[in-house]
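Next come the chains, spelled out residue by residue.
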Amino acid sequence: MERIKTDILVIGAGSGGLSVAAGAVQMGASVVLLEDHKMGGDCLNYGCVPSKALIASGKAAWGQSHSEVYGVANVTPKVDYAAAKDHVQGVIAQIEPVDSQERFEGLGVRVIRERGRFISRTEVQAGDHVITARRVVIATGSSPFVPPIPGLDGVPYLTNETLWTLRHQPEHLLVIGGGPIGMEMAQAHRRLGSEVTVIEGASALGKDDPEMSAVVLEKLRGEGIAIEEEALAAEVRGKEGAIEVEVKDGRVFKGSHLLVAVGRSPNIDDLDLDKAGIKTNRAGIVVDSGLRTSNRGVYAIGDVAGGLQFTHVAGYHAGIVIRSAVLGLPAKAKTGHLPWATYTDPELAHVGLTEAQAKKEHGPKLEVVRFHYEHNDRALAERKAAGLIKVMVVRGRAVGVSIAGYQAGELINLWSLVLANNLKMSQVANMVSPYPTIGEVNKRAAGAYFSPRLFESDMVKRVVGLVQRWLP
Ligand SMILES: Cc1cc2nc3c(=O)[nH]c(=O)nc-3n(C[C@H](O)[C@H](O)[C@H](O)COP(=O)(O)OP(=O)(O)OC[C@H]3O[C@@H](n4cnc5c(N)ncnc54)[C@H](O)[C@@H]3O)c2cc1C
Ligand SMILES: NC(=O)c1ccc[n+]([C@@H]2O[C@H](COP(=O)([O-])OP(=O)(O)OC[C@H]3O[C@@H](n4cnc5c(N)ncnc54)[C@H](O)[C@@H]3O)[C@@H](O)[C@H]2O)c1
């Protein structure tokens with residue numbers, strides 16, 4: 001047994017853990033990093049990267065069969081599903097070196113490819129190593145939640161961990177769960193030529209504002225995806241190639257393959273957290289605003305900390321922990337400025353309060369302004385005119401922004417800056433956007449806030465009347 005002492009011990013080499021390890025070691029702390037599976041975690045190997053790569057394949061196929069509107073004849077795309085999966089692996093391979101053991105060892109991190117578990121409040125065992133650290137950071141992520149639906153364990157099903165090795169195109173993909181995983185993968189598969197049925201227990205894209213989700217769902221239905229809502233999967237039967245899902249009200253959906261995408265389970269089970277006095281709840285490890293667990297020497301970040309589950313959130317958490325555990329400075333994690341985006345076409349993006357939350361929190365002080373893509377010249381030129389931006393404003397400052405439409409995930413960046421820095425709507429309105437860009441919708445939304453104040457005000461009209469009389 002080797003005993004190791006270090007400043008920072010990081011458990012898990014995914015989005016959060018790698019960011020802590022890289023930051024801490026480059027600032028001069030000694031760092032040990034544990035990972036018993038793939039470096040890069042879920043995002044690189046089973047999540048963001050493969051899903052966005054497959055979405056790109058679907059987009060290429062869709063472009064070929066829907067080009068007539070631009071004066072270019074439609075062709076039926078020749079989709080090679082296995083080749084699309086090769087493209088997915090190729091993208092992963094391109095990014096992999098950034099997250100690799102070699103790179104981290106080159107930075108000075110001691111990387112141990114073993115599973116870590118607590119053996120006391122201050123010690124973690126990983127294979128033949130017992131590590132004692134000034135601070136431990138748990139960044140063990142999450143796994144696909146597999147619900148206890150009768151029959152599910154008796155049929156072959158896919159999750160986000162196994163989808164990427166499937167090389168035969170599903171003839172008819174059934175997807176249980178209409179969240180971001182379900183909807184992104186539903187559209188990618190539909191565009192690659194599969195029949196797709198989404199079976200959603202409540203409302204599809206239900207974590208987003210329903211007015212915005214509706215824009216996306218209408219387009220997805222228009223592309224031929226069957227989206228069945230209020231359809232709680234109650235029983236699964238069948239065999240490879242012929243699967244049936246029966247929902248609570250008795251409807252039965254048939255398909256060739258099944259993808260289960262009903263949320264995530266935090267990876268806490270084999271960490272022996274009780275030996276370290278670390279409390280958990282259903283969502284994951286309980287942390288305070290500084291991301292500290294009930295054991296003050298241990299932090300938890302990213303998906304395992306049970307809040308918003310996104311790569312950029314895990315990265316943000318890493319910054320908080322570096323500030324606190326490496327630099328010894330006070331640091332608190334906030335959530336009000338954290339954006340998210342779903343990469344369907346059109347995309348769905350959000351930051352801050354939704355309209356419903358803002359109404360509840362700010363009551364009559366809330367003003368909601370909207371700007372529709374159909375008034376954006378570039379969106380018209382690109383034939384991407386479906387969508388809108390909605391800004392929730394209180395006393396001249398945005399408290400939340402939702403965008404459904406082309407490039408919504410790119411457009412939300414500006415509003416992330418605005419909310420993170422508490423900027424005023426006037427500062428957004430002062431920006432000059434190049435014409436014609438989709439980004440003009442941001443400025444026009446700010447303009448929509450000021451228009452009634454300028455164009456519908458008797459006071460302004462009186463002042464202009466006076467000025468015009470006096471101007472030489
Ligand atoms: C299909 C899909 C698509 C997604 N798309 C996006 C997206 O587009 N944008 C976005 O922001 N987010 C996306 N996400 C979410 C994103 O992947 C996660 O939020 C992110 O990976 C969380 O990072 P993490 O560091 O908390 O965990 P992970 O990246 O999962 O890393 C945890 C690591 O810990 C390791 N580990 C676990 N237990 C132990 C142990 N005991 N000892 C040692 N190592 C251990 C695991 O092997 C893993 O490598 C997607 C997720 C999925 C599933
Ligand atoms: N673009 C992105 O950033 C992106 C993409 C994919 C995933 N993610 C992350 O991964 C997380 C997990 O995604 P997800 O889509 O698996 O989870 P989710 O929790 O967002 O959605 C799961 C859906 O499944 C439904 N459901 C649950 N049980 C059901 C049942 N028995 N029958 C039918 N429907 C059922 C729920 O009502 C819900 O709408 C997301 O919350 C997000 O944090 C992010």
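Counting restarts for each chain, with residues numbered from 1 along the sequence as it is written. Going through the entries in the order they are written, you letter the chains from A and number the ligands from 1. It should be noted that, the model being predicted, local features are given only for residues of pLDDT at least 70 and side-chain atom pairs only at 80 or more, the latter also being counted only at that level, while totals for whole chains, interfaces and linings use all residues.

**Focus: the pairing of strand E1 (residues 2–11)**
Pairing between strands is defined by DSSP: at least two bridges between the two strands are required. Helix and strand labels come from DSSP, where a helix needs a run of H or I of at least four residues and a strand needs a run of E of at least two; each type is numbered from the N terminus. Sheet analysis places E1 next to strand E6 (residues 129–138), joined by nine bridges and oriented parallel. In the sheet register, Ile4 faces E6, and the bridge partner there is Ile131. Of the strand pairs in this sheet, E1 and strand E2 (residues 31–34) are connected by four bridges, and their pairing is parallel. What sits directly across from Ile11, in E2, is Leu34. With the strands aimed away from the viewer, a crossover counts as right-handed if its path from the first strand over the helix to the second runs clockwise. Regarding the hand of the β-α-β motif, the stretch spanning E1, helix H1 (residues 15–26) and E2 is right-handed.

**Focus: the UniProt feature "binding site: FAD" (unreviewed entry) in the chain**
Following the UniProt record, the feature "binding site: FAD" (unreviewed entry) maps to Lys52, Gly116, Thr140, Gly141, Ser142 and Asp303 here. Sequence-wise these annotated residues cover 252 residues; spatially they are dispersed, their C-alpha atoms as much as 30.5 Å apart. Topologically, Lys52 is positioned in helix H3 (residues 48–65). Overall, Lys52 belongs to the partly exposed group, with 14 C-beta atoms counted inside 10 Å. Note that Ser142 resides in strand E7 (residues 142–144). Counting other C-beta atoms within 10 Å of each residue's C-beta, where C-beta atoms are placed from the backbone, gives the exposure class: buried for 20 or more, exposed for 12 or fewer, partly exposed between. You can call Ser142 buried: it has 23 C-beta atoms within 10 Å. We call two residues in contact if the C-beta atoms placed from their backbones are at most 7 Å apart. Ignoring anything within four residues of it in the chain, the contact list for Ser142 reads Arg264, Ser265, Pro266, Asn267, Asp303, Val304 and Gln309. UniProt positions are given in the numbering used here, feature names are shortened, and annotations may be inferred rather than shown by experiment.

**Quick look at the site of ligand 2**
Being near a molecule or strand means, for a residue, that its C-beta atom, positioned from the backbone, comes within 6 Å of it. The local shell around ligand 2 holds 28 residues, among which Gly177, Gly179, Gly201, Gly263 and Gln309 are the closest. Elements with a contribution of two residues or more to the shell around ligand 2: helix H6 (180–191) and strand E19 (340–342). A total of four residues in the shell around ligand 2 trace back to one element, the largest contributor, which is H6. Ten residue types, Ala, Val, Leu, Ile, Met, Phe, Trp, Tyr, Cys and Pro, are classed as nonpolar, four, Asp, Glu, Lys and Arg, as charged, and the remainder, Gly among them, as polar. Grouping the constituent residues of the shell around ligand 2 by class yields 15 nonpolar, nine polar and four charged.

**Remarks on the sheet that holds strand E22 (residues 388–394)**
A sheet is described by the order of its strands in space; here five strands give the open sequence E19-E20-E23-E22-E21, paired in antiparallel fashion. The two strands at the open ends of the sheet, each matched to only one other strand, are E19 and strand E21 (366–372). On average, each strand axis in the sheet is tilted by 15 degrees relative to the strand beside it, whichever way the strands run. Note: E22 against strand E23 (residues 397–405), seven bridges, orientation antiparallel. Lines fitted to C-alpha atoms define the axes here, with helix axes fitted over just the stretch in contact, and angles between the N-to-C directions of these axes take values from 0 to 180 degrees.

**Overview of the UniProt feature "domain: Pyridine nucleotide-disulphide oxidoreductase dimerisation" (unreviewed entry) in the chain**
As annotated in UniProt, the feature "domain: Pyridine nucleotide-disulphide oxidoreductase dimerisation" (unreviewed entry) corresponds to residues 339–445 in the numbering used here. This span, residues 339–445, is 36% helix and 30% strand, and a straight line between its end C-alpha atoms measures 18 Å.

**Quick notes on unusual backbone geometry**
For the bond running from Asp345 to Pro346, omega is 5 degrees, close enough to zero to count as cis. Among the structural elements, Pro346 can be located in the loop between E19 and strand E20 (347–352). Each neighbour pair has its own omega, and for Tyr435 with Pro436 the value is -10 degrees, a cis peptide bond. Mapped onto the elements of the fold, Pro436 is located in the loop between helix H12 (425–430) and helix H13 (440–455). The phi angle at Leu205 is positive, at roughly 50 degrees, despite the residue not being glycine. Relative to the elements of secondary structure, Leu205 occurs in the loop between strand E9 (195–199) and helix H7 (210–222).

**Quick word on the site of ligand 1**
Taken together, 36 residues are adjacent to ligand 1, and Gly12, Gly14, Gly41, Gly141 and Gly302 come closest. Within the residue set of the shell around ligand 1, elements represented by two or more residues are H1, helix H2 (41–45), H3 and helix H8 (311–326). Grouping the amino acids of the shell around ligand 1 by side-chain chemistry returns 13 nonpolar, 18 polar and five charged.

**As for the nonpolar core**
Val175, Ile176 and Ala398 are the most contacted members of the largest nonpolar core, which totals 80 residues. Per-element accounting of this core gives the leading share, six residues, to helix H11 (residues 408–420). In terms of nonpolar packing, the next biggest core, distinct from the first, is built from 53 residues, Leu33, Val109, Ala133 and Ala314 among them. Linking buried Ala, Val, Leu, Ile, Met, Phe, Trp, Tyr and Cys residues through C-beta atoms within 7 Å yields a set, and such a set is a nonpolar core.

**As for H13**
The largest bend along H13 measures about 35 degrees and falls at Tyr449, with the proline Pro452 one to four residues further on. Contact partners of the buried residues in H13: E21, E22, H11 and H12. Bend at a residue means the angle formed by two fitted axes: the first through the 7 residues ending at that position, the second through the 7 residues beginning there.

**Here's the deal with the environment of Gly224**
Checked against the element boundaries, Gly224 lands in the loop between H7 and strand E10 (226–228). Remark: the alpha-carbon pair of Gly224 and Thr197, spanning 27 residues in sequence, is separated by 9.2 Å.

**Concerning the sheet that holds strand E13 (residues 252–255)**
On the basis of which strands lie adjacent, the open sheet formed by three strands has the order E11-E12-E13 and antiparallel pairing. The outermost strands of the open sheet, each flanked by one partner alone, are strand E11 (233–239) and E13. Across this sheet, the average inter-strand angle for adjacent strands is 20 degrees, counted without regard to direction. Where E11 meets strand E12 (residues 242–247), six bridges bridge the pair, whose relative direction is antiparallel. Among the inter-strand pairings, Val236 is bridged to a residue of E12, identified as Val245.

**As for the domain arrangement of the chain**
The domain boundaries assigned to the chain delineate domain 1 (2–143 + 265–326), domain 2 (152–263) and domain 3 (340–455). For domain 1 and domain 2, the distance between their C-alpha centroids amounts to 26 Å. Among the secondary structure elements, those contributing two or more residues to the side of domain 1 that touches domain 2 are H3 and helix H4 (81–95). Here the side of domain 1 that touches domain 2 takes nine residues from H3, the largest share from any one element. Along the lines of polarity and charge, the residues of the side of domain 1 that touches domain 2 split into eleven nonpolar, four polar and two charged. Either an automatic procedure or a domain database provided the assignment from which the domain bounds are taken.

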